[in-house]
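Observations on the model geometry
Okay, here's what each chain looks like letter by letter:
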Amino acid sequence: MTIQPPTSIALPAGPSGLADIFRYCPRCGGERPRLDNNRSLRCDGCGFLFFFNSAAAAAAFIFHRDQLLLCVRGREPAKGMLDLPGGFVEFDEAVEECLRREIREELNLEVADFRYFASASNDYRYAGVPYKTTDLFFMCEAADLTGIRPGDDVADYVLAAPGAVDLSALAFASSRAAFGLLLERLTRDRERP
Ligand SMILES: [Zn+2]
């Protein structure tokens, strides 16, 4: 059987996206495997069952004195928008290792002592495929920015007072949610006697 790929896949923004991508069973080639709750792919023909899992990602609020270090995205999705340093956790990698690696790749900075802050779910569309992610947010300090240099998928970096950041300029809903929590935390800390 020859399967002709569609010349273009126009995906709806909603959760039906995966059903339009997985049109055949990857094991037996049967048509239209069922998508249960947008979580699993099930083929009635051969019994194939595959779960789609949320990908773990980590991002850091890096403070330098009273300012936050933010990246400007150099690639799609959301090219040109602000983003927190971080990225997807690799297989067999600890979240803290992921953060150290991503911050090294993106900013040429060595940062440690991450403190867990909050988590939020996110929808991340890459190359036309919708992915679900679980984003973990940490806080840390960078005392010395000597040698900082944007790299990997980062076009530039900015230092800004947290309260001066326009949240609508942040690339992802999860980052905007975590940033909102951070501003609440900073306000509470300031008002504490
Ligand atoms: Zn099958």
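Keep in mind it's a predicted model, so treat the numbers as computed, not measured.

With that out of the way, let us pick up the domain arrangement of the protein chain. Entries for the protein chain in the domain assignment read domain 1 (17-51) and domain 2 (57-191). For domain 1 versus domain 2, the separation of C-alpha centres amounts to 35 Å.

Right, let's get into the nonpolar core. Ranked by internal contacts, the top residues of the largest apolar core, which has 30 residues, are Ala58, Ala60, Ile62, Leu99 and Phe138. Of all elements in the fold, only strand S4 (55-64), strand S5 (67-73), helix H2 (95-107), strand S9 (129-141) and helix H3 (173-191) reach the threshold of two or more residues within this core. With six residues, S4 is the largest single contributor of residues to this core. Once residues lying within four places of it in the same chain are set aside, the contact partners of Phe138 are Ala58, Ala60, Leu99, Phe114, Arg115, Tyr116 and Phe117.

Within the open sheet, the three strands sit side by side as S1-S2-S3. Their pairing is antiparallel. If you trace the sheet from one side to the other, it starts and ends with strand S1 (34-36) and strand S3 (49-51), each paired once. Direction aside, the axes of adjacent strands within the sheet are offset by 20° on average. Taken together, the three bridges between S1 and strand S2 (residues 40-42) define a ladder with antiparallel strand orientation. Within S2, the position partnered with Asp36 by the bridge is Ser40.

For H2, spanning 13 residues, the distance from its first C-alpha to its last is 18 Å, which sits close to the expected 18 Å at 1.5 Å a residue. Taken residue by residue, H2 has Cys98, Leu99, Arg100, Glu102, Ile103, Glu106 and Leu107 as its buried positions. In this structure, the buried residues of H2 make contact with S4, S5, strand S7 (86-88), S9 and strand S10 (154-160). Looking one or two residues past H2, Asn108 carries a phi angle of roughly 55°, positive in sign.

Criteria and cut-off values
Residues numbered from 1 in each chain as written. Predicted model: local features only at pLDDT ≥ 70, side-chain atom pairs only at ≥ 80, totals over all residues. Domains from an automatic or database assignment. Core = buried A, V, L, I, M, F, W, Y, C linked by C-beta atoms within 7 Å. Buried ≥ 20, exposed ≤ 12 C-beta atoms within 10 Å, placed from the backbone. Helix = DSSP H or I, 4+ residues; strand = E, 2+ residues; numbered from the N terminus. Contact = placed C-beta atoms within 7 Å. Pairing = 2+ DSSP bridges. Axes fitted to C-alpha atoms, helices over the stretch in contact; angles between N-to-C directions. Expected span 1.5 Å × (residues − 1).

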